[in-house]
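A look at the structure
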Amino acid sequence: MPDGGFADVYNPRKVLDDPSFRVLGPNESPSPDANIAAFYNPGHEIHLVEKPRPKPGPGQVLLHVRATGICGSDVHFWKHGRVGDSMVVTDECGSGHESAGEIVEVGEGVTQWKAGDRVAIEAGVPCSKPSCDYCRVGRYNACPDVVFFSTPPFHGTLTRWHLHPAEWLHRLPDSVSFEEGSLCEPLAVALAGIERSGLRLGDSTLICGAGPIGLVSLLSARAAGAEPIVITDLVQGRLDFAKKLVPGVRTVLVERGSTPKDSAEKIKVAAEGPIKLALECSGVESSIHTAIYSAQFGGKVFIIGVGKNEQVFPFMHLSANEIDVSFQYRYANQDFPQYPKAIRLVARGLINLKPLVTHRFKLEDAVSAFYIAADPTQGAIKVQIHD
């Protein structure tokens, strides 16, 4: 675990060792005013817990979390206990990092916020020390001492009452709902991808994967002027959803058992030529290969998705065709602050996130929400939990 700064403030042992912390049984109802949360553990269990209601200290605010989306990483931590080798579930750990809420109490020295203010919660809190090169230049997603809520060992924001540093909140206009505010977290990921990939007006663009990140990337690419846009998936229902979301998108169903080269040919037919930019949103090796074989000479494959720890790429095809491969890790404010940009785009109507939420649950029913989110047959795009 990182040392010092916010890592000490949000040390997970402070919650786990508190006398009021307890795991609720499968059929046990929480106390009416309890600070409940959804936790996973190394035994691949998901359950509700009761934990202490925190008190804001200097520079902090206490939030009533009103909406939280279940991310694919939340499901992965529950089902598989890890993402890569550095993010491993070793104890009870709180889920959730796509959240928005209402301020209920402010700590000493907090002047920019007051009770009742509506905010989106930026889930990654870096050390912000002048001695940290990454924080100093705005690439705080690389801060070695970052606290990213719901990434083990730090507890997440899928809870009733959450304590947060005042400077890592973003004001929501009255026209932006809590539900939309929570979706600004995955939108920030997509916007960082659009920015770092160098997408330009009129670029032919491929989006691999029509899950939540693929769909917000689709919305972002359309808003940025990409044309044509092709999106792929293994599930026809998700492609149909993408077509309703952005009627002008061209869809390609990837058939199970087909080779990446075969799928790439279908993509090039749909796009009427090779692709200039591919935004790979699944992290699956075969999908990355498909993106590579779809790209034009001098094109780019920009990987946003998270996949297995080691993968094999068609090296000589990349080399002989001067195809660049780049990666993204979360988001940061290196050039333009992603969260404020996301909120502006939603507030002004350039990006409509509302259709993405297909299932809604009460906080008390968070465990059921996880099972829906983890089951592809349920047709969920984004499952949200409200309180």
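Values in this document were obtained by computation on a predicted structure and should not be read as measured data. (Residues numbered from 1 in each chain as written. Predicted model: local features only at pLDDT ≥ 70, side-chain atom pairs only at ≥ 80, totals over all residues. Heavy atoms only, no water.)

Re the nonpolar core
Going by this rule: Take the buried residues of types Ala, Val, Leu, Ile, Met, Phe, Trp, Tyr and Cys, join any two whose side-chain atoms come within 4.5 Å, and each joined set is a nonpolar core. Each residue is placed in one exposure class: buried if its accessible area under a 1.4 Å probe, protein chains only, is under 20% of its type's maximum, exposed if it is over 50%, and partly exposed if it falls in between. Strands are runs of DSSP state E lasting at least 2 residues, helices are runs of H or I lasting at least 4, and numbering of each runs from the N terminus. Whether two residues are in contact is decided by their heavy atoms, any of which lying within 4.5 Å being enough.
Counting residues in each nonpolar core, the largest one holds 50 residues, and the members touching the most others are I207, L215, L218, I231, L353 and L356. For this core, the elements supplying multiple residues, two or more each, are α5 (178-197), α6 (212-223), β15 (229-233), α7 (236-245), β17 (275-280) and α11 (338-347). The element best represented in this core is α5, accounting for ten residues. Those residues in contact with L353 that sit more than four places away from it in its chain are E180, L183, C184, L187, V216, L219 and V346. In terms of nonpolar packing, the next biggest core, distinct from the first, is built from 25 residues, L24, A34, I36 and I46 among them.

Notes on the layout of surface pockets
Threshold: Here the term cavity refers to a set of points on a 1 Å grid, laid over the protein atoms alone, in which a 1.4 Å probe fits but cannot get out; the term pocket refers to an open set having protein on both sides within 12 Å along at least five of seven lines, with lining residues being those that place an atom within 4 Å of a point. Grid points are joined across faces, edges and corners, and a volume is the space filled by probe spheres set on the points. The nonpolar class holds Ala, Val, Leu, Ile, Met, Phe, Trp, Tyr, Cys and Pro. Asp, Glu, Lys and Arg form the charged class, and all remaining residues, Gly among them, are polar.
Roughly 400 Å³ of internal volume is contained in the second largest pocket. For the lining of the second largest pocket, the secondary structure elements donating two or more residues are α2 (13-16) and β12 (161-165). No other element matches β12, which puts three residues into the lining of the second largest pocket. A class-by-class count of the residues in the lining of the second largest pocket yields nine nonpolar, six polar and four charged.

Brief notes about the side chain of R118
For clarity, the threshold we go by: Only four residue types enter the charge count, namely Lys and Arg as positive and Asp and Glu as negative; His and the chain termini do not. Salt bridges are identified by distance alone: a Lys or Arg side-chain nitrogen within 4 Å of an Asp or Glu carboxyl oxygen.
When you line up the elements, R118 lands in strand β9 (residues 118-121). Of the buried charged residues, R118 lacks a salt bridge, with D174 as the closest side chain of opposite charge at 4.4 Å. Setting aside anything within four residues of it in sequence, one finds R118 in contact with G101, H170, R171, L172, P173, D174, V176, S177 and F178.

Quick notes on the sheet that holds strand β7 (residues 93-94)
Here is the rule: Note on pairing: DSSP must find at least two bridges between two strands before they are called paired.
Reading across from one edge, β1-β3-β2-β7 is the order of the four strands in this open sheet, with antiparallel pairing throughout. Each edge of the open sheet is held by one strand with a lone partner, namely β1 (22-23) and β7. Bridge analysis of strand β2 (residues 35-40) against strand β3 (residues 46-51) gives six bridges, and the strand direction is antiparallel. Following the sheet pairing, A37 is matched in β3 by V49.

Description of the packing of aromatic side chains
The criterion, for reference: Note on ring pairs: Phe, Tyr and Trp rings are taken, using the six-membered ring of Trp, and paired if centres are within 6.5 Å. Classes follow the plane angle, with under 30 degrees stacked, over 60 edge-to-face and the rest tilted. We count a charge as sitting over a ring when the NZ of a lysine or the CZ of an arginine lies within 6 Å of the ring centre and within 35 degrees of the ring normal.
Under the defined criterion, the tally for this structure stands at seven aromatic pairs. Seen in terms of ring centroids, W78 and Y371 are 5.0 Å apart; in terms of plane orientation they differ by 80°. Their pairing is edge-to-face. In this pair, W78 is assigned in helix α3 (residues 72-80) and Y371 in helix α12 (residues 366-374), connecting sequence segments 293 residues apart. Look at Y371 and you get partly exposed, because its relative accessible area is 48%. Centre to centre, the rings of Y331 and Y339 are 5.9 Å apart; their planes meet at 70°, and the pair counts as edge-to-face. By the burial criterion, Y331 is buried, and Y339 matches it. Linked through ring pairs, W78, F370 and Y371 together constitute an aromatic cluster. In this structure, K261 is placed above the aromatic ring of Y293, and the distance from its NZ or CZ to the ring centre is 5.3 Å. Of note, R330 hangs over the ring of F148, and the distance from its end group to the ring centre comes to 3.8 Å.

Brief notes about empty space enclosed by the protein
Enumeration according to the criterion identifies two cavities of 30 Å³ or more in this entry. By volume, the largest cavity amounts to about 60 Å³. Split into classes, the residues belonging to the lining of the largest cavity amount to four nonpolar, two polar and two charged. For the lining of the second largest cavity, the elements supplying multiple residues, two or more each, are β4 (60-69) and β21 (382-386). Among the elements that make up the lining of the second largest cavity, the one with the highest residue count is β4 (three residues). In terms of residue class, the lining of the second largest cavity is made up of four nonpolar, three polar and two charged.

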